[in-house]
Amino acid sequence: MNIYLLRHGQTEENRKGSYYGDLDIRLNEIGIAQGNKAKDFFKNIKLDKVYVSDKIRTLEMAKLALGLKKMEIIQDSRINETNFGDFEGKTYEEIKILYPKECLCWMDNWKEFVPPKGESYIELCMRVKRFMDDIKKLDVDNILISSHSGVIRAIYCYIMDENIDLFWKFGCKNGDISIIKYEYGNLYIDAIIHI
């Protein structure tokens, strides 16, 4: 099985450098151009399943990548980006000023820290694990998962024996495509492509 991970294209919140996961933001012009580049990549790949988070940016990206291909697109909230709660839509500099104590706790224990009204990275990784456990049960050849950088990093950690300590050891730019292979009961990262 080939699992194609596609990070959504750029949004205005990405351009500003904001932390956001729960905000439902559309792609900007650069993001749409990145989606059209993804379409060129996927034009000769016969996809069996397409999954997106429940955010408009991943749906827009998947539709652009599919081009004229008519396929069911399955929304799954388990591949939503981390919910940053009260930090949503704010840059790190703004968070440091508005939430100085919380920011220190975040830096001290990034895995377990929960922003006010948000979720921790451990919670993110647990729901991504449940999603990936289900994906491994499918009997198909090619799957597209249009999602977010946090989710893609969580999938990398899942592949690396569920080691969350590796979360920040990978880059993940807007529009990036990762190819994950699942063969003989083994998941591995085959390629990471910046388009």
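### Description of empty space enclosed by the protein
Enumeration according to the criterion identifies 1 cavity of 30 Å³ or more in this entry. Here the largest cavity is characterised by a volume of approximately 30 Å³. Looking at the largest cavity, the residues that line it are Phe84, Trp106, Trp110, Phe113, Pro115, Glu119, Ser120 and Tyr121. Of the residues contributing to the lining of the largest cavity, the split by class is 6 nonpolar, 1 polar and 1 charged.

### Here's the deal with the pattern of salt bridges
What the rule picks out here adds up to 15 salt bridges. Notably, a salt bridge pairs Asp134 with Arg78, separated by 2.8 Å at the nearest N-O pair. Note that Asp134 is positioned in helix 6 (residues 121–135) and Arg78 in the loop between strand 3 (73–75) and helix 4 (92–98), a separation of 56 residues in sequence. A salt bridge links Asp86 to Lys117, with the shortest nitrogen-to-oxygen separation between them at 3.7 Å. You can see Asp86 sitting in the loop between strand 3 and helix 4 and its partner Lys117 sitting in the loop between helix 5 (100–108) and helix 6, a full 31 residues away along the chain. Since its relative accessible area comes to 70%, Lys117 is described here as exposed. Among the charged side chains, a salt-bridge network with shared partners connects Asp76, Arg78, Asp134 and Lys137.

### Overview of the layout of surface pockets
For the largest pocket, the calculated volume is near 390 Å³. In terms of lining residues, the largest pocket is bounded by 21 residues, among which Tyr19, Phe84, Tyr121, Ser149 and Trp168 are the most central. Elements with a contribution of two residues or more to the lining of the largest pocket: helix 5 and helix 7 (149–159). It is helix 7 that contributes the most residues to the lining of the largest pocket, 3 residues altogether. For the lining of the largest pocket, the class distribution of residues is 9 nonpolar, 8 polar and 4 charged.

### Observations concerning unusual backbone geometry
Positive phi, normally seen in glycine, also occurs at Asp161, with a value near 60°. In this fold, Asp161 is placed in the loop between helix 7 and strand 5 (177–183). A relative accessible area of 74% means that Asp161 is categorised as exposed. Backbone geometry at Tyr184 places phi at a positive 50°, although glycine is not the residue there. Position of Tyr184 among the secondary structure elements: in the loop between strand 5 and strand 6 (186–193).

Criteria and thresholds
Residues numbered from 1 in each chain as written. Predicted model: local features only at pLDDT ≥ 70, side-chain atom pairs only at ≥ 80, totals over all residues. Heavy atoms only, no water. 1 Å grid on protein atoms, 1.4 Å probe; cavity = no way out; pocket = protein on both sides within 12 Å on 5 of 7 lines; lining within 4 Å. Points joined across faces, edges and corners; volume = space filled by probe spheres on them. Nonpolar A, V, L, I, M, F, W, Y, C, P; charged D, E, K, R; others polar. Salt bridge = Lys/Arg side-chain N within 4 Å of Asp/Glu carboxyl O. Helix = DSSP H or I, 4+ residues; strand = E, 2+ residues; numbered from the N terminus. Buried < 20%, exposed > 50% of the residue type's maximum accessible area, 1.4 Å probe, protein only.

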